[in-house]
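Okay, here's what each chain looks like letter by letter:
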Amino acid sequence: MTVVRGLDFDVSRALGAVAALLTGPIPSEGSPTSVESDPHTGEWLATRAAGFVLVPLWEGPDLNGLRDPEWTEQLEAGDRHLDTLARTLDGQWGPHRVLTVDYLIRNPQADRPPVYEALLRQDLYGDLHVWTPDQAPDRRLALVLGHSDGDQPLTLAALVTAGPLPELPA
């Protein structure tokens, strides 16, 4: 669960979180991975490590027990939120590039760069939609939507890295 659980998707709030990430600090080389949680609820707040910060932007409802068409409607809602935010950012910075983590899913024993380990630890198995923001050309912004299985809520998250994301084999 995340600190944004139960909040309706709000593109303005998501854009504000993205802007804060782009101007905020990123841990430097040698910094250990830190998974931050809300002190009262234990819900995921952020993951920080050398070269990146990962935060949730939206979390959908629990899908446990849902059947079609409600289950499909919830998945489509997550896709719409990602698409809405991606279109807005495409309008600001140009078209995004898509990176997939499929290689890591197909090869669970493969070495995982820390940024990808953090994504998978939070069950963010979706494709990364990546931009090089105009106001922070030395950083990359990625959006990702994922969930661990059919019953878990969808989570839309933002990732900011210092420099390019590591490339994965095809």
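Residues numbered from 1 in each chain as written. Predicted model: local features only at pLDDT ≥ 70, side-chain atom pairs only at ≥ 80, totals over all residues. Heavy atoms only, no water.

**Q** I'd love a proper account of the pattern of salt bridges, names of residues and values included.
**A** Under the definition given, this model contains four salt bridges. A salt bridge links Glu-36 to Arg-48, with the shortest nitrogen-to-oxygen separation between them at 2.7 Å. Pair noted here: Glu-36 is in strand S1 (residues 34-37) and Arg-48 is in strand S2 (residues 44-49), with a separation of 12 residues, a long-range link. Take Arg-48: its relative accessible area is 28%, and that puts it in the partly exposed class. Across the pair Arg-97 and Glu-167 runs a salt bridge whose closest N-O atoms are separated by 2.9 Å. With Arg-97 in strand S4 (residues 97-99) and Glu-167 in the segment after strand S7 (155-162), this pair connects stretches of sequence that are 70 residues apart. Residue class for Arg-97 comes out partly exposed when judged on its relative accessible area of 39%. (Salt bridge = Lys/Arg side-chain N within 4 Å of Asp/Glu carboxyl O. Helix = DSSP H or I, 4+ residues; strand = E, 2+ residues; numbered from the N terminus. Buried < 20%, exposed > 50% of the residue type's maximum accessible area, 1.4 Å probe, protein only.)

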